[in-house]
Amino acid sequence: MTTEDMTGTGPPHEASERLRRWRLVLGGGAADGTGHALSGRDAAMDGTLAALYGTQDKPRTGRDRAAGLGASAPSVARWLGDIRACFPSSVVQVMQRDAVERLGLSALLLEPELLQAVEPDVHLVGTLLSLNKAMPETTKETARAVVRKVVDDLEKRLAARTRATLTGALDRSARVARPRHHDIDWNRTIAANLKHYLPEYGTLVPERIVGYGRAARSVKKDVVLCIDQSGSMAASVVYASVFGAVLASMRSISTRLVVFDTAVADLTDQLDDPVDVLFGTRLGGGTDINRALAYCQSQITRPAETVVVLISDLYEGGIRHEMLKRVAAMKASGVQFVTLLALSDEGAPAYDREHAAALAALGAPAFACTPDLFPEVMAAAIEKRPLPIPDTA
C-alpha cells in the first residue's frame, strides 16, 4: 500500500486526516508507509493501543503475558486511566476485555487498587466471578462494589419494562367470563362478537364479554430459571441473576433460581439480592443438564401454571436421552418450556446444534435472546402463545 492509496484525492486537510487515521490503525513502525507523525492526544491514544495490541501474537506464559502493559498493578492502573481519558466507555470496556484475554491480567484483577480503576461491565463481572474462589479477603469488598454497580445499572435499565410487560401478560392470561365494567377487554370482546353485528342499527350485541382478571395478590405463575454456570455462560449468568431478582419482586410470580454445572445449587433464598446470587455461583466446570432438569422437575407443583427457562449452550455432559425425556415429560404435563442458548448482547453463541434440533422437535426451540427481548419472551410463555424467536436464531 502506498501513500497515494491512503490519501486518494481531495483537499490537503482531507488527505492529512486520512493519513492520521491510517497511522492510528496501522500502529506505526517503518512498514506502515504513512510517514505521518502523531502528537498530543493522538500520540496518547496510539500509546495505549500499542501497549495492548502492539505486542507479538506469539503465545506467552506467566509474567511475560503482560509485557505490553508491564507486570505490576500500578502500570496497569495507569494504562486503565489512560484509556478512560482517550476513549468512550464502550471502547474502554472492549479494551479491558481484550487486555484480560490477550495479556493474562486476570491475576492482577485480584488487587483492590486495580479494581478501583476499571470501567465496570458485564464481562468484568464474569471475570471476577470466575476468580471468586481465589480472591483474597482484601479484594472481596472492592469486587462486590464493582459487581454491585453493574447490577444496579442493569436493574435500572431492565426492571421497569420487565415488570410492566409481565404484569400485562399476567392480567391477560387470567381472563374472566363476567368481568366488572372497568375490567372488560373491549378489543377482544368486540372481536368475539363480530358475528352479532346488526348493520341496520350500526351496532353489535355482545353475547360474550371478555375481561381481564383483576390484579390478584395470589401467585398466578411459577417461573423456574435453570442457569448453566459453565465458563462460557458468564454474561448469561449475570443477566439471569438480575432478571431473577426482578421476577422475585413481583407478588404474582413465584420465582425459583437454580444454577448448575455437574452439581446443582438452588439460590432461590438469595433472590432478594442478585449480587449474593452471583457470588453464590462458581463459573467453570462441566455440565449436567439432565441432573439440573431433574431437580427443577421435582420442584414443580402446578405444571399448567409453570414456565421453565433453561439457559444453556446445551453442551451436555450428562445423559442426553434422559434430558430430552424430562423436557418431553414437562411439556406433556402442561409446563411452558423455554430454551435460551444465551441471555446476553454478545450475538450468536456457540452451542450444541444436535441437542438444539432435538429440543425443537419436542416443541421447545432453542435460540439466543438479548436482555431487551427477554421480557417479551417471558410474556409470550406466560400467555402460552408463540415465542418471539429472532430471525438470526
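Residues numbered from 1 in each chain as written. Predicted model: local features only at pLDDT ≥ 70, side-chain atom pairs only at ≥ 80, totals over all residues. Heavy atoms only, no water.

> An account of the overall build of the protein chain is requested, with residue identities and associated values reported.
Of regular secondary structure, the protein chain possesses 15 helices and eight strands. Looking at the protein chain as a whole, 46% of its 393 residues are labelled buried. Across the protein chain, contacts joining residues at least 24 apart in sequence account for 73% of those joining residues at least 6 apart. Carbon and sulfur atoms make up 52% of the accessible area of the protein chain, which amounts to about 19,200 Å² in all. (Helix = DSSP H or I, 4+ residues; strand = E, 2+ residues; numbered from the N terminus. Buried < 20%, exposed > 50% of the residue type's maximum accessible area, 1.4 Å probe, protein only. Contact = heavy atoms within 4.5 Å. Areas by Shrake-Rupley, 256 points an atom, 1.4 Å probe, with all protein chains shown as cover.)

> So what's going on with unusual backbone geometry? Which residues, and what values?
Only a minority of non-glycine residues have a phi that is not negative, and only a minority of peptide bonds are not trans. Phi at Leu314 takes a positive value of approximately 70°, unusual for a residue other than glycine. Relative to the helices and strands, Leu314 resides in the loop between β6 (306–311) and α13 (320–332). The phi dihedral of Lys384 falls on the positive side, at around 60°, and the residue is not glycine. Relative to the assigned elements, Lys384 resides in the segment after α15 (374–383). Accessibility expressed as a relative area gives 43% for Lys384, which makes it partly exposed.

> Give me the nonpolar core: which residues, what numbers.
In terms of nonpolar packing, the biggest core is built from 59 residues, with Val309 and Phe374 touching the most fellow members. Judged by nonpolar contacts, the second largest core, of 25 residues, contains Cys226, Val258, Ala356 and Ala358. (Core = buried A, V, L, I, M, F, W, Y, C linked by side-chain atoms within 4.5 Å.)

> Talk me through α13; I want residue IDs and the actual numbers.
The end-to-end C-alpha distance of α13 is 19 Å, a good match for the 18 Å that 13 residues give at a rise of 1.5 Å each. For α13, every residue scored as buried is listed here: Met323, Leu324, Val327 and Met330. Viewed along the axis of α13, the buried residues span an arc of 125°, placing them on a single side of the element. Relative to its buried face, α13 has exposed residues pointing more than 90 degrees away, namely Lys325 and Ala332. Against α12 (289–298), β6, β7 (336–343) and α14 (353–361) lie the buried residues of α13. Just past α13, the residue Gly334 takes up positive phi, approximately 110°. (Expected span 1.5 Å × (residues − 1). Arc of directions from axis to C-beta.)

> Lay out the pairing of strand β4 (residues 253–260) in plain terms, naming residues and giving numbers.
Of all eight residues that make up β4, six are buried, and the element is covered over most of its length. Taking the sense of rotation as the criterion, the β-α-β connection linking strand β3 (residues 221–228), helix α10 (residues 234–248) and β4 turns out right-handed. As defined by bridge partners, β4 adjoins strand β5 (residues 264–266) across three bridges and the pair is classed as antiparallel. The partner of Val258 across the bridge, within β5, is Asp266. (Right-handed = clockwise from strand over helix to strand, strands pointing away. Pairing = 2+ DSSP bridges.)

> An account of the confidence of the model for the protein chain is needed here, citing residue identities and associated values.
Of the residues in the protein chain, 77% have a pLDDT of 70 or more, and the chain-wide mean is 80. The low-confidence segment residues 56–67, where pLDDT is below 50, has eleven contacts with residues more than four positions distant or belonging to other chains. (pLDDT = per-residue confidence, 0-100.)

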